[in-house]
Amino acid sequence: QVQLVESGGGLVQAGGSLRLSCKASGRTFSSYVMGWFRQAPGKEREFVARINWNGDRTLYTDSVKGRFTISRDNAKNTVSLQMNSLKPEDTAVYYCAADPTTNWSRWEYHYWGQGTQVTVSS
């Protein structure tokens, strides 16, 4: 079983920055694909970014490209999401998720954190 705990959310003005972190339990974190998702009020949860097991491959949804950066530190069992140039439409609950695979083509996130709120004011 893997437990994921997010932190770093908060309230920020448009154009500002936040850094989200996700701490994972378990000894096999380095073999997982990790992802960030978000859910805005009244909307479905959507994909934001993902990173492969060793950090040399990443993918972003179009709306955050050039503004968000996902990274990981396998020695610390953490994955981070640096969010710059934030916009009001980035307001959502952000979730960390883990897919226990090294297969980049698979999208089966078995483990989810509890979420952290990000609010961007205009």
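First, a word on what this report is: a plain description of the structure on this page. (Residues numbered from 1 in each chain as written. Predicted model: local features only at pLDDT ≥ 70, side-chain atom pairs only at ≥ 80, totals over all residues. Heavy atoms only, no water.)

Examining the nonpolar core
Reasoning step 1: In this structure, Leu4, Met34, Trp36, Val79, Leu81, Met83 and Tyr94 are the most contacted members of the largest nonpolar core, which totals 30 residues.
Reasoning step 2: Where this core is concerned, the elements lending two or more residues are β3 (18-24), β4 (33-39), β5 (46-51), β7 (68-73), β8 (78-83), β9 (92-99) and β11 (116-121).
Reasoning step 3: Once you skip the residues sitting within four places of it in the chain, leucine 81 turns out to touch Leu18, Arg19, Leu20, Trp36, Val48, Ala49, Phe68, Thr69, Ile70 and Tyr94.
Reasoning step 4: Residues Val33, Phe37, Phe47 and Ala97 belong to the second largest nonpolar core, which totals 6 residues. (Core = buried A, V, L, I, M, F, W, Y, C linked by side-chain atoms within 4.5 Å. Buried < 20%, exposed > 50% of the residue type's maximum accessible area, 1.4 Å probe, protein only. Helix = DSSP H or I, 4+ residues; strand = E, 2+ residues; numbered from the N terminus. Contact = heavy atoms within 4.5 Å.)

Side note on the pattern of salt bridges
Pairing between side chains of opposite charge can happen when their charged atoms approach one another.
Reasoning step 1: Applying the stated criterion across every chain yields a total of 6 salt bridges.
Reasoning step 2: The shortest N-O distance in the salt bridge between arginine 38 and glutamate 46 comes to 2.6 Å.
Reasoning step 3: For arginine 38, a relative accessible area of 5% corresponds to the buried category.
Reasoning step 4: For aspartate 90, the salt bridge is made with arginine 38, and the minimal N-O distance between the two is 3.0 Å. Residue aspartate 90 is found in the loop between β8 and β9, and its partner arginine 38 is found in strand β4; the two are separated by 52 residues along the sequence. Each member of the pair, aspartate 90 as well as arginine 38, is classed as buried.
Reasoning step 5: A single network of salt bridges, built from pairs that share partners, joins Arg38, Glu46, Arg67 and Asp90. (Salt bridge = Lys/Arg side-chain N within 4 Å of Asp/Glu carboxyl O.)

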